[in-house]
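# What the coordinates show
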Amino acid sequence: MAAGDEEAAEQIQLCRQFVAREMAFEPFIDGFLEARHRWIAAIRNVGSEYEGLLNDMNFDIAKHNAYDDLRQPDEFDDEDLRVVMAKRLHEWDAETYVTQYE
């Protein structure tokens, strides 16, 4: 296992649980960001095969807004975020994933 792989797997597992409705957004985001900080520390500047996927998911999370009356047209509610993450995870599992934000 390469440096940061365990932390990367934890972030992906948390995304899977959120998509499957096994956890609400608040505990998901807390766990995701905690694992992300540990992952960044673990990989330092070496990079990781998970980098594109996890950075894309982090950008998706940044576009999340739980407040219907304050949400901008380019922001996600919980359902939108689940759909986007499910698509990314499906492509990742099929080994067809291409990072969006590079």
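Along each chain, residue indices are assigned from 1 in the same order as the chain's sequence is written. Given that this is a predicted model, residues contribute local features only at a pLDDT of at least 70 and side-chain atom pairs are listed and counted only at 80 or more, while totals for whole chains, interfaces and linings are drawn from all residues. Calculated side-chain values reflect all of the structure's heavy atoms, with hydrogen atoms and water omitted.

### Here's the deal with the overall build of the protein chain
- Counting from the N terminus, the helices are the DSSP runs of H or I reaching at least four residues and the strands are the DSSP runs of E reaching at least two. The helix and strand tally for the protein chain stands at four helices and zero strands.
- Reading the helices (α) and strands (β) of the protein chain from amino to carboxyl end gives α-α-α-α.
- Here the globule rule reads 2.2 Å times residues to the power 0.38, and the radius of gyration is calculated from C-alpha atoms. Radius of gyration (C-alpha) of the protein chain: 13 Å, near the 13 Å computed for a compact globule of 102 residues.
- Across the 102 residues that make up the protein chain, the buried fraction comes to 36%.
- Relative to all contacts within the protein chain whose residues are 6 or more apart in sequence, the contacts with residues 24 or more apart total 65%.
- Counting only carbon and sulfur atoms, one obtains 50% of the accessible surface of the protein chain, whose full area is about 6,300 Å².
- Positive residues here are Lys and Arg, negative ones are Asp and Glu, while His and the chain termini are left out of the count. Every charge is mapped onto a representative atom, which is NZ of Lys, CZ of Arg, CG of Asp or CD of Glu. Side-chain charges of the protein chain comprise 10 positive and 24 negative groups, with the mean position of each set lying 1 Å from the other. Relative accessibility under 20% of the residue-type maximum defines a buried residue, over 50% an exposed one, and the middle range a partly exposed one, all with a 1.4 Å probe and only protein chains included. Contact between two residues is taken to exist if any of their heavy atoms lie within 4.5 Å; hydrogens are not considered. With residues, only the protein chains shown are counted as cover, and all accessible areas are computed by Shrake-Rupley using a 1.4 Å probe.

### Focus: the nonpolar core
- Side-chain atoms within 4.5 Å are what join buried Ala, Val, Leu, Ile, Met, Phe, Trp, Tyr and Cys residues into a set we call a nonpolar core. In this structure, Cys15, Phe18, Phe25, Phe28, Met57, Ile61 and Met85 are the most contacted members of the largest nonpolar core, which totals 22 residues.
- Every element with two or more residues in this core is listed here: helix 1 (5-19), helix 2 (25-43), helix 3 (51-62) and helix 4 (78-93).
- Here this core takes six residues from helix 2, the largest share from any one element.
- Excluding residues within four positions of it along the chain, Phe25 makes contact with Phe18, Ile61, His64, Asp78 and Leu81.

### As for the packing of aromatic side chains
- Pairing of aromatic rings covers Phe, Tyr and Trp, the last through its six-membered ring, and needs centres within 6.5 Å; plane angles under 30 degrees mean stacked, over 60 mean edge-to-face, and all others mean tilted. Counted according to the given criterion, the structure contains six aromatic pairs.
- Between Phe18 and Phe25, the aromatic rings sit 6.0 Å apart at their centres with planes inclined by 70°, giving edge-to-face as the arrangement. This pair shows no difference in class: Phe18 is buried, exactly as Phe25 is.
- On the basis of an interplanar angle of 45° and a centroid distance of 5.7 Å, the ring pair of Phe28 and Phe32 is categorised as tilted. In this pair, Phe28 and Phe32 are both assigned in helix 2, four residues apart and thus about one turn of the helix distant. Grouping residues by exposure puts Phe28 and Phe32 together as buried.
- Connected via pairs of aromatic rings, a cluster forms that spans Phe18, Phe25, Phe28 and Phe32.

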